[in-house]
Every structure is written in C-alpha cells, then in structure tokens.
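Next come the chains, spelled out residue by residue.
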Amino acid sequence: MVGLKEELLKSIWHAFTALDLDRSGKVSKSQLKVLSHNLCTVLNVPHDPVALEEHFRDDDEGPVSNQGYMPYLNKFILEKVQGNFDKVEFNRMCWTLCAKKNLSKSHLLISDEDAFKVWVIFNFLSEDKYPLIIVPEEIEYLLKKITEAMGAGWQQEQFDHYKIALNTSREGLSAWELIDLIGSGQFSKGMDRQTVSMAINEVFNELILDVLKQGYMLKKGHKRKNWMERWFVLKPNIISYYVSEDLKDKKGDIILDGNCCVEALPDKDGKKCLFLIKCLDKTFEISASDKKKKQEWIQAIQSTVSLLRAGSPPPHKEARQKRKELRQKLLAEQEELERQMKELQAANENKQKELETVRKQLEAAAARAAEEEKKRLQTQVELQDRFSLELEREKMVRQKMEEQVAQKSSELEQYLQRVRELEEMYKQLQEALEDEKQARQDEETVRKLQARLLEEETAKRAELEKWHLQQQQTIQMTEAEKQELENQRMMKEQALQVAMEQLKQLELERKEALEQYEEVKKKLETAANNTKSWKDKVAHHEGLIRLIEPGSKNPHLITNWGPAAFTEAELEERQRSWKGKKATSE
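Conventions we followed
- Residues numbered from 1 in each chain as written.
- Predicted model: local features only at pLDDT ≥ 70, side-chain atom pairs only at ≥ 80, totals over all residues.
- Heavy atoms only, no water.
- Helix = DSSP H or I, 4+ residues; strand = E, 2+ residues; numbered from the N terminus.
- Buried < 20%, exposed > 50% of the residue type's maximum accessible area, 1.4 Å probe, protein only.
- Areas by Shrake-Rupley, 256 points an atom, 1.4 Å probe, with all protein chains shown as cover.
- Expected span 1.5 Å × (residues − 1).
- 1 Å grid on protein atoms, 1.4 Å probe; cavity = no way out; pocket = protein on both sides within 12 Å on 5 of 7 lines; lining within 4 Å.
- Points joined across faces, edges and corners; volume = space filled by probe spheres on them.
- Nonpolar A, V, L, I, M, F, W, Y, C, P; charged D, E, K, R; others polar.
- Domains from an automatic or database assignment.
- Polar contact = N/O pair within 3.5 Å; in protein donor to acceptor, adjacent residues only side chain to side chain.
- Contact = heavy atoms within 4.5 Å.
- Phe/Tyr/Trp six-rings, centres within 6.5 Å; stacked < 30°, edge-to-face > 60°.
- Core = buried A, V, L, I, M, F, W, Y, C linked by side-chain atoms within 4.5 Å.
- Pairing = 2+ DSSP bridges.
- Axes fitted to C-alpha atoms, helices over the stretch in contact; angles between N-to-C directions.
- Salt bridge = Lys/Arg side-chain N within 4 Å of Asp/Glu carboxyl O.

Turning next to the overall build of the protein. In terms of regular secondary structure, the protein is built from 14 helices and 9 strands. Overall, the C-alpha framework of the protein stretches about 240 × 65 × 55 Å when taken along its three principal axes. Per-residue burial for the protein yields a buried fraction of 31% across its 586 residues. As displayed, the protein has an accessible area near 39200 Å², and 53% of this comes from carbon and sulfur atoms.

Shown next, in the form of structure tokens:
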C-alpha cells in the first residue's frame, strides 16, 4: 500500500500544483473541495461532506494553505483507498486538471492521448521527491524503450551530448519538459506519428498496465466444447481474454496464483500446439498458432506463476527498483569518497599548518642562533634532523594516502565498468525481446492477411459455385424442354405418317371406288339402255303392262365405293372416325 500511495501522490501533486492561487497566494477552498470530491469519486472512497466542511474551516491552519492539505489528503482519502479503482481513469482526472495549464500543444508532434501516456510513465519513473523530476538515467531508459518499440536504432552519441548539456544545468526534467522532448521528435526523426504513437502505447501497456504478453489463441469452451479465437492478455496475476484486440468485449478471466500450473498437451481432435492451464476450480485448454508461440506462452505463464509464488513484483517494476537502488548505492559511494577526500584535504591542511609552525619556529631559532651561534647551531642541526624525519614521515603518510585513493578510484572504475556491462547486457536482452515482439507482430500481420485472402477466395468460390449451379439448372431445364419438344415433334411426325398412310389408303380406296363406280355406271347405262329398249318393246307390243322399277323413295347416295354402297348413318360414322384420327395426328 506504501508503493500505491506514492504513485497516487505523484499524480495528485500535479493536479494540486495546477490549481489557481488567490491574491493571498493560497489555493481557494472551493478548488480544494472540488479536487477532494473528484479524488473520492475516482478512487471509490466514501465521501463525507461533514468531515470535509469541518476540516475546511476558515483559519490559516487548515488545508487552505499548502502545508495543511496533506494531513487531510492522507487521513480522509489515501488511507481509505483499497485498490479497487481504475488507475487509468484516476490518472486521466489528474491529467485533465493539470494539462490545460502546463501542456504546450503548438509544437508537439504527438497527440494529447500520447502526451497523457508519457505523463503517466513519467510519474512511474520519476524520483520519490518533490518537485518531481526524472533523472537522465531514467530518461535514457524510456527513450531506449520507445526507440526499440519503433524498430529504430538507438543513437547513444546523440543522447550523450544531450545528457552532458542537461547535467550542466539541472538534475533532471519535469513531466512537461519530458513531453516536449518526446513530442519534439528529437530522438524519433524519420518516424511518422502513427509509429511513435504505437511505440508509446506499447511502453505504456508494459510499464503502467503491467501487460507481460498478449496475442490471439484458440480457447475450448467449458459448456459447448467448441473452439473460439480469443485475444489473450497476460498480467502479473490474471489472464484476460477478449473477442478482439480492441479490448471492448471481455469474455472472461483466468485468475493466477501460486497453485496454478501449465502443461503441454499432445495434438488431438484436429487441434495442434495445445497446452493446459490448471487452476484450483477450473482448467483451460488453449491452442496456439504454432509451436514457437506455444512455448512462449507456457514460459511466460510459468514465469508469472513463479513470481506469484515468490511474492516478487513484475519484471519492469523490479528493474526500476534495482536501478534506483543502484543509483542510491553509487550516490552513497560517491558521497563516501567525497567525505574521504575532504578528510584527506583537512589532514593535509593541518600538516601544512604544522609545517608552517615549524618553519616559524625555525626562523625564531635562527634569530636566536645569531646571539648564541655555537649553541644555536647545534640546536638548529638537531631541529633540522627532527624536521627531516617528520617530513619524511609526512611524505610516507601522504604517499600511503595517495595509494589508498588510487586503489579506491580503481575499484570505483571497475564497479562502473561492471555496471556498464550489466546495462549493455540488459540492452541486448531488451533488443532480443523487441526483435521477438516484432517477429510476432509480422507473423500476426501475415496471418491476418492470409486469413483475409482465404475469406475472399472462399466468398468468390461460393459465388462461382452458385453461378455454376444456376447454369446447370438452366441447362437441365433447357434440356427437358428440348426433350419435350423433340417428343412432341416425334409424336406429330408419327401422327403425320399415320395420317399420310391413311390418306394414301383412302386415295387408293377412292380410286378403286371410282373404278367400281365407272364399271357400275357402265353396267347401269347398259342396263338402262336395255331396259329402255325392253320398255319400248313392251309398250309397243303390249301397251298395258307397267314396268316395276327397283329402289326406294330416298335419294340415291354415291360414294367412292359406288352408288348406294353405304347408308347415310354409316357415312356419318366413317366421317367422325376420320376426323378423330386427323385431330390425333395434329
């Protein structure tokens, strides 16, 4: 809770110092009340208006003065903070109060959101003393991480020149000077705004949001047992998974503790690169995109669980603490060395004073020796011998002290060399980590591109199959219609052939009937002639005999088969049959 209180105090200090002063040089009570109310709201602390009014009484001892607000802040707000609040929202509230007064937007090459993230990172890396500043070592650390996140090379020589110019004038930079430095593009030349923004966001996620690892993986459901792609975010004590990397739709959490463990699983059910996260109440089956990512996730989760078991802070916080301890140790050694040098200088001055005293004594002795030459001469020799011994002894003491100083300087140089080697090793580790992150980003980009191309190919293939199916259906319908027309044509041709044959048959019958009719007609004419001749003879000879003629009263019907070959009913029946056949053939 002490570390949390220090982090909160840094942001509150910015908000407090940005408040306007009245004519007497104090912050008005109304501004402090508004600030206190906003702090209680964002920190989820119960707000007590009665205690607030009681503390903000009208006197010079209360929190209206700069010295009086801290007791109220500690007693009524910070001591009640439980940690169940949104740190980003808290920082954004404090940023809103101080940015308008202190932030200069005219020449910045970064957005307000990026400036806010740099401000929060400043509070994390700044020294625990007020007014807040960030020392050159932490500035170098931050600029290196941003440069590596952009994929650019670190310009050590350029920063060394900047560091020399900075050390000659001040101990470090304020938050607004740090924002101006990063926003000016002095250490990000050749990079566009989007690249710088992405680099700042990546450093913000690592240092402030404690994001240790993130990426897409497949997760097996607990109820439906189906596999769904999720965006996983690993933090020091939890793994959260979302629908996508915009973190808007959160699907669940995997709470990590010292009892959790991770196990690799063999491939099964068509899924590869499987591993299992075991917790006290649940187990989670995860499928990575490849073996490399599977191993990276297993190692990252195992490292996180190991830190939880050991009760250690996240790596970046532990590294910050080590850097502070190293600076404090170097400062203490430097102060000790300065103290020793002052002691040596004081001892040397004392010796010089002693020598000066001896010199004066020698001068006095020389003056007295003028009076007693012989006696003083002997005394002077003795004094010179004593002085020579003391001087030799002083030289030996001085030489010994100089050797000790040289030895201390050599030890200090070796220690600084070791520090530089450790910093270089840390830099190499950071570069390897950034290369790995860049490779993951490139691989993720290629995977997304392949997925998009596959989706487009699938859509086009489905559309082509739809067109092909429509064409097949159209062809089948056309073939069916064609077959039906062909059948109708065949039927009509068959009916036409039958009608033609019937017509030919009727033509033959008609010709035969005409021939029979001609024969019968000839026979009838012959018979008629014979009858007429016979009638004439009978009428001539007998005159009284009446000829009886055959036939009926109905009119005679003449057909192809001759006169009176068919009755009228038979002819109608034949006509109907012929018309029916004709209709069938058509």
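In this section: helix H6 (residues 112-125). Three or four residues apart is the spacing at which side chains of an α-helix point the same way, because the helix has 3.6 residues per turn. The end-to-end C-alpha distance of H6, which contains 14 residues, comes to 20 Å, matching closely the 20 Å that a straight helix rising 1.5 Å per residue would cover. Burial analysis of H6 places 12 of its 14 residues in the buried class, the great majority of the element. Those residues of H6 that sit buried are Asp 114, Ala 115, Phe 116, Lys 117, Val 118, Trp 119, Val 120, Ile 121, Phe 122, Asn 123, Phe 124 and Leu 125.

Our next topic: the layout of surface pockets. Volume-wise, the second largest pocket comes out at about 950 Å³. If you list the elements that add at least two residues to the lining of the second largest pocket, you get helix H1 (2-17), helix H5 (87-102), H6 and helix H12 (315-371). For the lining of the second largest pocket, the element with the highest residue contribution is H1, accounting for 8 residues. Split by residue class, the lining of the second largest pocket holds 15 nonpolar, 7 polar and 11 charged. Viewed by domain, the lining of the second largest pocket spans two of them, domain 1 (1-102) and domain 2 (213-313), each represented by three or more residues.

Locating Asn 91 in the fold gives a position in helix H5. In this structure the side chain of Asn 91 is engaged in a polar contact, spanning 2.7 Å, whose partner is the side chain of Ser 11. Here Asn 91 is in contact with Ser 11, Phe 116, Trp 119 and Val 120, once residues within four sequence places are set aside.

Take the packing of aromatic side chains next. Enumeration over the complete set of coordinates arrives at 15 aromatic pairs. Ring centres of Trp 13 and Tyr 130 lie 5.7 Å apart, and the angle between their planes is 50°; on these two criteria the pair is classed as tilted. Taken as a pair, Trp 13 in helix H1 and Tyr 130 in the loop between H6 and helix H7 (136-150) lie far apart in primary sequence, 117 residues in all. Aromatic side chains Trp 95 and Trp 119 sit 5.7 Å apart centroid to centroid with 55° between the ring planes, which places their arrangement in the tilted category. Taken together, the residues span a long stretch of sequence, with Trp 95 in helix H5 and Trp 119 in helix H6 at a distance of 24 residues. Judged by its relative accessible area of 8%, Trp 95 is buried. Relative accessible area serves as the criterion here: at 0%, Trp 119 is assigned to the buried category.

With that out of the way, let us pick up the nonpolar core. Core analysis: the biggest nonpolar cluster contains 71 residues, and Leu 8, Leu 39, Leu 43, Phe 90, Trp 95, Trp 119 and Ile 179 have the highest contact counts within it. The element that contributes the greatest number of residues to this core is H6, accounting for 9 residues. With near-sequence residues (within four places) excluded, Phe 90 lies in contact with Leu 8, Ser 11, Ile 12, Leu 39, Val 42, Leu 43 and Phe 85. Of all hydrophobic cores here, the second largest spans 21 residues; its members include Ile 239, Ile 254, Ile 298 and Ala 300.

It is worth spelling out empty space enclosed by the protein at this point. A complete count under the given rule lists 3 cavities of 30 Å³ or more for this structure. The space that makes up the largest cavity amounts to roughly 80 Å³. Lining the largest cavity, in full, are Leu 143, Ile 146, Thr 147, Met 150, Leu 181, Ile 182, Gln 186, Phe 187, Ser 188 and Val 196. Counting residues per element, the ones that place at least two in the lining of the largest cavity are H7 and helix H9 (175-183). Per-element tally for the lining of the largest cavity: the top contributor is H7, with 4 residues.

Reading across the sheet, the 7 strands line up as E4-E3-E2-E1-E7-E6-E5 and stay open at both edges, with antiparallel pairing between neighbours. Among the strands making up the open sheet, the edge pair consists of strand E4 (250-255) and strand E5 (261-265). Ignoring which end each strand starts from, the neighbouring axes of this sheet average 35° apart. Bridging between strand E1 (residues 213-220) and strand E2 (residues 227-235) involves 8 bridges; their strand directions are antiparallel. Following the sheet pairing, Tyr 216 is matched in E2 by Trp 231.

A word on the pattern of salt bridges. Oppositely charged side chains are able to pair whenever their charged atoms sit close together. Applying the stated rule across the entire model yields 36 salt bridges. Residues Glu 394 and Lys 351 are paired through a salt bridge, measuring 3.6 Å at the closest nitrogen-oxygen approach. With a gap of 43 residues between them, Glu 394 in helix H13 (residues 373-541) and Lys 351 in helix H12 connect regions that are remote in the sequence. Classification of Glu 394 as buried rests on a relative accessible area of 12%. Notably, a salt bridge pairs Glu 573 with Arg 576, separated by 2.6 Å at the nearest N-O pair. Taken together, the positions of Glu 573 and Arg 576, both in helix H14 (residues 568-585) and 3 residues apart, correspond to about one turn of that helix.

Taking 1.5 Å per residue as the helical rise, H7 with its 15 residues ought to reach 21 Å, and the 21 Å between its terminal C-alpha atoms agrees with that figure. With respect to burial, H7 is a largely interior element, 14 of its 15 residues being buried. Looking at the residues trailing H7, positive phi occurs at Gly 151, about 80°.

A cis amide bond, omega 0°, links Tyr 130 with the succeeding residue Pro 131. When you line up the elements, Pro 131 lands in the loop between H6 and H7. Although it is not a glycine, Asn 44 sits at a positive phi angle of roughly 60°. As for its position among the elements, Asn 44 is in the loop between helix H2 (29-42) and helix H3 (49-55). By relative accessible area, Asn 44 is classed as partly exposed at 45%. Residue Asp 210 is not a glycine yet carries a positive backbone phi of 60°.

Moving on, we come to the environment of Ile 238. Among the structural elements, Ile 238 can be located in strand E3 (residues 238-242). Looking at Ile 238, the relative accessible area reads 17%, which means it is buried. Beyond its immediate sequence surroundings of up to four residues, Ile 238 is in contact with Val 233, Asp 253, Ile 254, Ile 255 and Leu 256.

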